[in-house]
Amino acid sequence: MTDTTADGTEDVTATATATATADVTAAAGDVDPAGGAGAATAARGAGDVRPGPLPRAAGALGRLGRRLTGAARHGRTVSAALAVATVATTSLSLWLGLQVYEQRADEQRRQDILAAARQSALNFTSLDYRHYERDSTNVLKGAAGEFKEQFAAQTAELTKLVAANKSVSEGQVLEAGIARSDERSARVLVVADSKVTNSAAPEGQSRTYRLQLDLVLEGGRWLTSNVEFVG
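Because the structure is predicted, anything quoted here is derived from the model rather than measured.

Novice: Looking at this structure, I do not really get a nonpolar patch on the surface. What am I missing?
Specialist: On the surface, Leu-92, Trp-95 and Leu-96 cluster together into a nonpolar patch covering about 320 Å² of accessible area. Within the element layout of this structure, Leu-96 appears in helix H3 (residues 53-125). Looking at Leu-96, the relative accessible area reads 41%, which means it is partly exposed.

Novice: Which parts of the structure should I look at to understand the sheet that holds strand S2 (residues 168-181)?
Specialist: In a beta sheet, neighbouring strands are held together by backbone hydrogen bonds and run either parallel or antiparallel to one another. If you walk across this open sheet you meet the five strands as S1-S2-S3-S4-S5, and the pairing is antiparallel. Two strands bound the open sheet, and with one partner strand each, they are strand S1 (127-128) and strand S5 (221-229). With two bridges connecting them, S1 and S2 associate as antiparallel partners. Paired with Leu-127 across the strands is Ser-169, a residue of S2.

Novice: What is the right way to read helix H4 (residues 132-141) from this model?
Specialist: Structurally, the α-helix is built with 3.6 residues per turn, so residues lying three or four positions apart point the same way. Among the residues making up H4, those that are buried are Tyr-132, Asp-135, Ser-136 and Val-139. Projected onto a plane normal to the axis of H4, the buried residues spread over an arc of 95° and lie on a single side. Of the exposed residues in H4, the ones pointing more than 90 degrees away from its buried face are Glu-133 and Lys-141.

Novice: Explanation requested: the packing of aromatic side chains in the structure shown.
Specialist: Given two aromatic rings, one states the distance between the centres and the angle between the planes to describe the pair. With the rule as written, the count across this model stands at four aromatic pairs. Between Phe-147 and Phe-151, the ring centres sit 6.1 Å apart and the planes meet at 45°, which makes this aromatic pair tilted. Taken as a pair, Phe-147 and Phe-151 lie in helix H5 (residues 145-165) at a separation of four residues, close to a single helical turn. Judged by its relative accessible area of 7%, Phe-147 is buried.

Novice: Mind showing me how you'd approach the side chain of Asn-226 here?
Specialist: Structurally, Asn-226 can be placed in strand S5. We classify Asn-226 as buried; its relative accessible area is 19%. A distance of 3.3 Å separates the side chain of Asn-226 from the side chain of Glu-228, its partner in a polar contact. Sequence-distant contacts of Asn-226, defined by excluding residues within four places in its chain, comprise Phe-147, Gln-212, Leu-213 and Asp-214.

About the thresholds
- Residues numbered from 1 in each chain as written.
- Predicted model: local features only at pLDDT ≥ 70, side-chain atom pairs only at ≥ 80, totals over all residues.
- Heavy atoms only, no water.
- Patch = residues over 30% accessible without salt bridge, like charges linked within 9 Å, V, L, I, M, F, W, Y side chains within 5 Å.
- Areas by Shrake-Rupley, 256 points an atom, 1.4 Å probe, with all protein chains shown as cover.
- Salt bridge = Lys/Arg side-chain N within 4 Å of Asp/Glu carboxyl O.
- Helix = DSSP H or I, 4+ residues; strand = E, 2+ residues; numbered from the N terminus.
- Buried < 20%, exposed > 50% of the residue type's maximum accessible area, 1.4 Å probe, protein only.
- Pairing = 2+ DSSP bridges.
- Arc of directions from axis to C-beta.
- Phe/Tyr/Trp six-rings, centres within 6.5 Å; stacked < 30°, edge-to-face > 60°.
- Polar contact = N/O pair within 3.5 Å; in protein donor to acceptor, adjacent residues only side chain to side chain.
- Contact = heavy atoms within 4.5 Å.

Spelled out as structure tokens, the structure:
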């Protein structure tokens, strides 16, 4: 009786041990050294391998990384293009602004030159013996260089001459045009009329002058440095 119980106990113990070992082996995916059920399962799985969660996650991360890299490169390209466009637009705006400024400055200089030349020609052709000192002073205010020196030197003699002849000259500028000019000098052609009365011609005589005036920029003002009669 004791032997039978011992043998039965040993059989039950062996069976339970074998079953537990097989379960653990199958669950762990180990191959049974004896070529049992674990080996058959491994053999069947060898022909149908499916990726687990970690490999799939790694693949997804790789694809995401590549997309992010591509987006970053695209973003850098767009940013660089926008930067270049901004610089180009700013440069163009500055260039256009400079062109407009220079055109306005050139036009303003032309207007200043013409205004000075017209005034100088008007002063030169408008002289009255009754207030010759005032008139000659106006001529000298708009004069410079050689012309100013010559006119100043002749003022005393001219004062006596116009007073003796009772000369009155009323000038009028008809046309004026710039022959050439730069930032510091200019040459202007002026056509002026003048009605001259004196003791010899009390009724007056009309005269037309064609003058060539050279002007220079001094102290922010355009002054006449030379006057020539050209016709």
